Amino acid sequence: MGRPSRWSDERKAAREQAEWIVGWLREHGPATTPDIVAALEANGREVAAHVLHRALRRSPFVHRLGEEEGERGLVSVWAFGAEPPEEA
């Protein structure tokens, strides 16, 4: 009996979704977390916390620029770039 693939359909879909988020941020960034969620919803994509975490925290090309005041309090601002911005 062969070993089952570790890349289930759900994992493949989550990875594709994370890649979509990074691509959207590359074209439309910098953007806040609520902006990214709104873009997902506008494009008929599922909003899942673990996928956002994968895209925003684990991608080597996405960097947190800081925080700004949002509708419900402070929200993170994210940008696409090969290297993180210099901190002053």
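Heads up: the structure comes first, above all this text.
Residues numbered from 1 in each chain as written. Predicted model: local features only at pLDDT ≥ 70, side-chain atom pairs only at ≥ 80, totals over all residues. Heavy atoms only, no water.

Enquirer: How should I be thinking about the overall build of the chain in this particular structure?
Expert: Summing up its helical and strand segments, the chain has three helices and three strands in all. Taken from N to C terminus, the helices and strands of the chain fall in the order α-β-α-α-β-β. Residues classed as buried in the chain amount to 33% of the 88 residues present. Within the chain, counting contacts between residues at least 6 apart in sequence, those at least 24 apart form 41% of the total. For the chain, the accessible area works out to roughly 6700 Å², and carbon and sulfur atoms hold 48% of it. (Helix = DSSP H or I, 4+ residues; strand = E, 2+ residues; numbered from the N terminus. Buried < 20%, exposed > 50% of the residue type's maximum accessible area, 1.4 Å probe, protein only. Contact = heavy atoms within 4.5 Å. Areas by Shrake-Rupley, 256 points an atom, 1.4 Å probe, with all protein chains shown as cover.)

Enquirer: When you look at the nonpolar core in this model, what are you seeing that I'm missing?
Expert: What tends to happen in soluble globular proteins is that the nonpolar side chains get buried as a cluster. Ile21, Trp24, Leu25, Ile36 and Leu56 are the most contacted members of the largest nonpolar core, which has 18 residues in total. Of all elements in the fold, only helix H1 (9-28), helix H2 (33-42) and helix H3 (49-57) reach the threshold of two or more residues within this core. Considering each element in turn, this core owes the most residues, seven residues, to H1. Tryptophan 24 has contacts with Gly29, Ala31, Asp35, Ile36 and Ala39, leaving out every residue within four places of it along the chain. (Core = buried A, V, L, I, M, F, W, Y, C linked by side-chain atoms within 4.5 Å.)

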